[in-house]
Amino acid sequence: MTTIEKRVHAIKEDLDFFEDELQKYEYIIDLGKKLEELDSQYKIAENIVHGCTSQVWLICERKEDKLFFKGTSDAVIVKGLVYIILKIFSDSTIEELREADMDIVYELGLSEVITPNRQSGVIGMMKKIKEYALKA
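Residues numbered from 1 in each chain as written. Predicted model: local features only at pLDDT ≥ 70, side-chain atom pairs only at ≥ 80, totals over all residues. Heavy atoms only, no water.

Visitor: Any chance you could break down the packing of helix α2 (residues 21-32) against helix α3 (residues 76-89) for me, citing the residues and the numbers?
Guide: Remark: α2 packs on α3, axes separated minimally by 7 Å, with the N-to-C direction vectors making an angle of 75°. Of the possible angle classes, the one that applies to α2 and α3 is roughly perpendicular. Seen from α2, the contacting residues are Y25, I28, I29, L31 and G32; seen from α3, they are V76, I77, K79, G80, L81, Y83 and I84. Of the residues that constitute the contact of α2 with α3, the class distribution is 9 nonpolar, 2 polar and 1 charged. (Axes fitted to C-alpha atoms, helices over the stretch in contact; angles between N-to-C directions. Helix = DSSP H or I, 4+ residues; strand = E, 2+ residues; numbered from the N terminus. Parallel < 35°, antiparallel > 145°, perpendicular 65-115°, else oblique. Contact = heavy atoms within 4.5 Å. Nonpolar A, V, L, I, M, F, W, Y, C, P; charged D, E, K, R; others polar.)

Visitor: Lay out α2 in plain terms, naming residues and giving numbers.
Guide: Under the 1.5 Å per step criterion, the end-to-end length of α2 is 17 Å for 12 residues, consistent within 8% with the ideal 16 Å. Contacts from the buried residues of α2 go to α1 (3-16) and α3. Its side-chain oxygen at 3.1 Å from the backbone nitrogen of L22, D20 defines the N-terminal cap of α2. (Expected span 1.5 Å × (residues − 1). Polar contact = N/O pair within 3.5 Å; in protein donor to acceptor, adjacent residues only side chain to side chain.)

Visitor: Explain empty space enclosed by the protein to me, using residue names and the numbers behind them.
Guide: By the definition in use, this model includes 1 cavity of 30 Å³ or more. Here the largest cavity is characterised by a volume of approximately 50 Å³. C52, T53, S54, V56, V78, L81, N117, R118, G121 and M125 together form the lining of the largest cavity. Put simply, the parts of the chain that give the lining of the largest cavity at least two residues each are α3 and α6 (116-135). (1 Å grid on protein atoms, 1.4 Å probe; cavity = no way out; pocket = protein on both sides within 12 Å on 5 of 7 lines; lining within 4 Å. Points joined across faces, edges and corners; volume = space filled by probe spheres on them.)

Visitor: So what's going on with the packing of aromatic side chains? Which residues, and what values?
Guide: Under the defined criterion, the tally for this structure stands at 3 aromatic pairs. Pairing F69 with Y132 gives two aromatic rings, centres 6.1 Å apart and planes at 45°, and the pair type is tilted. Of this pair, F69 sits in strand β2 (residues 66-73) while Y132 sits in helix α6, and the two are 63 residues apart along the sequence. Relative accessible area serves as the criterion here: at 5%, F69 is assigned to the buried category. (Phe/Tyr/Trp six-rings, centres within 6.5 Å; stacked < 30°, edge-to-face > 60°. Buried < 20%, exposed > 50% of the residue type's maximum accessible area, 1.4 Å probe, protein only.)

Visitor: Break down the environment of R118 for me, with residues and values.
Guide: Structurally, R118 can be placed in helix α6. Setting aside residues no more than four positions away along its own chain, R118 makes contact with T53, S54, I77, V78 and L81.

Structure (structure tokens):
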């Protein structure tokens with residue numbers, strides 16, 4: 001099991017702890033409150049994630065053979081989703097990120113919790129992370 005798969009599994013366990021969708025939704029919102037503030041200098045067009053209903057910014061920093069991501073959103077629930085994505089993929093090797101091929105919405109069971117528009121936003125974040133890895 002890769003590091004990324006282990007992180008997905010850990011978050012899935014956390015989400016599975018909650019019995020209904022509302023509790024999961026509130027948990028995701030709470031996770032968003034843990035997100036580090038993203039400096040306004042990064043809230044520019046080239047860092048916007050496409051496919052999201054709300055605005056999402058995602059930046060990447062390379063340290064040796066690993067990529068580290070930071071991001072934020074202007075919507076509370078999406079901030080939580082950004083937090084989850086960053087937790088899973090940040091601090092991973094470029095090779096791991098290039099090979100990562102998973103449907104996070106499906107893997108985490110988010111389709112019952114978030115709207116199709118939000119799901120497409122998660123997919124947009126995944127695409128942007130993959131682009132960063134392929135360019136690294």
